[in-house]
Amino acid sequence: MAENGAQQMSLLEKKIDDQIEYYFGDHNLPRDKFLKEQIQLDDGWVPLETMIKFNRLSCLTTDFKVILEALSKSQSGLLEISEDKTKIRRSPSKPLPEINDQYKDVIKHRSVYVKGFPTDITLDELKEWFNDKGNVENIQMRRTLQRQFKGSVFVVFDTDVSAKKFVAQKDLKYKDAEMIVLLKEDYFTKKNEDRKHHRAEVKAKAKHEKEEKQKQAEDEEMKSLDEQTGCLLKFSGELEDQTSREDLQELFSGHGMIKWIDFTRGAKEGTILFKSNAKEALDKAKAAHGDNLQIKKKDVTWELLEGDDEKETLKKIIEDQQQSLNRKRGRGGRKFGGRGGRRERGGRDQGKLQYQGKKTTFESEDECDPETASAEKKVKDEEAEAPLSQQPKTEPASPKKRALDDVKAEEVGEPASKQLKTENGSEKL
């Protein structure tokens, strides 16, 4: 347009020209859905009546004459004015660049990340600060999902040389705040490294917490073991193959309360865990048998476990108790959640309505109100005749893991037939 237009522009006219050229520029137009729709309607022409509805332009002016005067003084050649002075468009001689990987790569090398601005700064204040920092084509204010400015921007310079020159400047500040300045590519490289470092920290923290929990559990276990020192009695000898845990229960009946017996039929040795001091139980049993404590008339060597042997054996007993509890849960599956009968396995009865309720009969009118009884019976019958998949289910309560001290036991003095046995012959958990 005017050959010396830049010199003739007022401050307001320059702002108007910059704003409208931004609307039709390479950075905004490709992603401005509304404006792209408008230029499709009339060979690229957009009425000034439409343009003054854009917020930032309307804040500068809504006077067509002022807008046209500003654009007529521009030297960029980006925009054209219609003959009737009512419309503008981007010049066909300056088409939009093709948005491909090559173009994106060029823009990336011309882009700079700048951080350190106050969160209440305006775009106009940012433009003013960048005014003497090089030829800036675009400023993108980075925002949160809630549209709050984050205090950082991506700035696109006219060339990669201008971008590098800006980054090379030392001690850049906005007022008294020092700025963080990086090429956009370097920013994303650093961001990825920070994310990897953060993930590594999170992983290390999770690992540390897991180790701490494991250590705490081990400490609790060791504390439990320490509280039960002196309660283990080991036995060994040429035992009969038919020797059972019941024989051991009977042998110490009335002399000590047994919590657990680690022994398998046919083995030549085993371990007994008493509720209280094992030595006292052994002394009492020996005294009752003339100091010759045998198992089914077979000589036995009795040994009170101490130190590391005692702790390792206690650990094994705790593990065996937990495994026994888990097996019990598994066997209970057939009752509540196992394979089930033909219906659960998809047999002939699957999908059929099965009557599960009871008939209601009344011997006299005094027993129940007939209308109430009829309504209740209808509800029950509807529930009973519903498909099994729709009927309410009752889930069994899951047993909780018990500490070793929580295992209840009855005095060994009770007859063996009355004691509740587990797989290894101790009391039921």
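Structure shown above.
Cut-offs applied
- Residues numbered from 1 in each chain as written.
- Predicted model: local features only at pLDDT ≥ 70, side-chain atom pairs only at ≥ 80, totals over all residues.
- Heavy atoms only, no water.
- Phe/Tyr/Trp six-rings, centres within 6.5 Å; stacked < 30°, edge-to-face > 60°.
- Helix = DSSP H or I, 4+ residues; strand = E, 2+ residues; numbered from the N terminus.
- Buried < 20%, exposed > 50% of the residue type's maximum accessible area, 1.4 Å probe, protein only.
- Salt bridge = Lys/Arg side-chain N within 4 Å of Asp/Glu carboxyl O.

*Asks:* A description of the packing of aromatic side chains should follow, citing residues and the corresponding values.
*Replies:* Within the structure shown, the criterion is met by 20 aromatic pairs. Between Phe-117 and Trp-129 the ring centres are 5.4 Å apart and the planes differ by 85°, which places this aromatic pair in the edge-to-face class. One end of the pair, Phe-117, is in the loop between β4 (111–115) and α8 (123–130); the other, Trp-129, is in helix α8, and twelve residues separate them in sequence. Like Phe-117, the residue Trp-129 is buried in the burial classification. When the ring of Phe-117 is compared with that of Tyr-174, the centres are 5.6 Å apart and the planes differ by 70°; the resulting orientation is edge-to-face. Taken as a pair, Phe-117 in the loop between β4 and α8 and Tyr-174 in strand β7 (residues 173–174) lie far apart in primary sequence, 57 residues in all. Given a relative accessible area of 5%, Phe-117 falls into the buried group. Each member of the aromatic cluster is reached from another via a ring pair, and the members are Phe-117, Trp-129, Phe-130, Phe-157, Phe-166 and Tyr-174.

*Asks:* Outline the pattern of salt bridges, listing residues and values.
*Replies:* For the structure shown, the criterion picks out 18 salt bridges. For Lys-108, the salt bridge goes to Asp-105, with nearest N and O atoms at 3.6 Å. On the criterion of helical spacing, the pair formed by Lys-108 and Asp-105 is a turn pair, its members being three residues apart in helix α7 (residues 101–109). Residue class for Lys-108 comes out partly exposed when judged on its relative accessible area of 30%. A salt bridge links Lys-133 to Asp-132, with the nearest nitrogen and oxygen atoms 3.0 Å apart. When salt bridges that share partners are traced, they join Glu-13, Glu-69 and Lys-73 into one network.

Remember that the coordinates give geometry; whether it matters functionally is a separate question.
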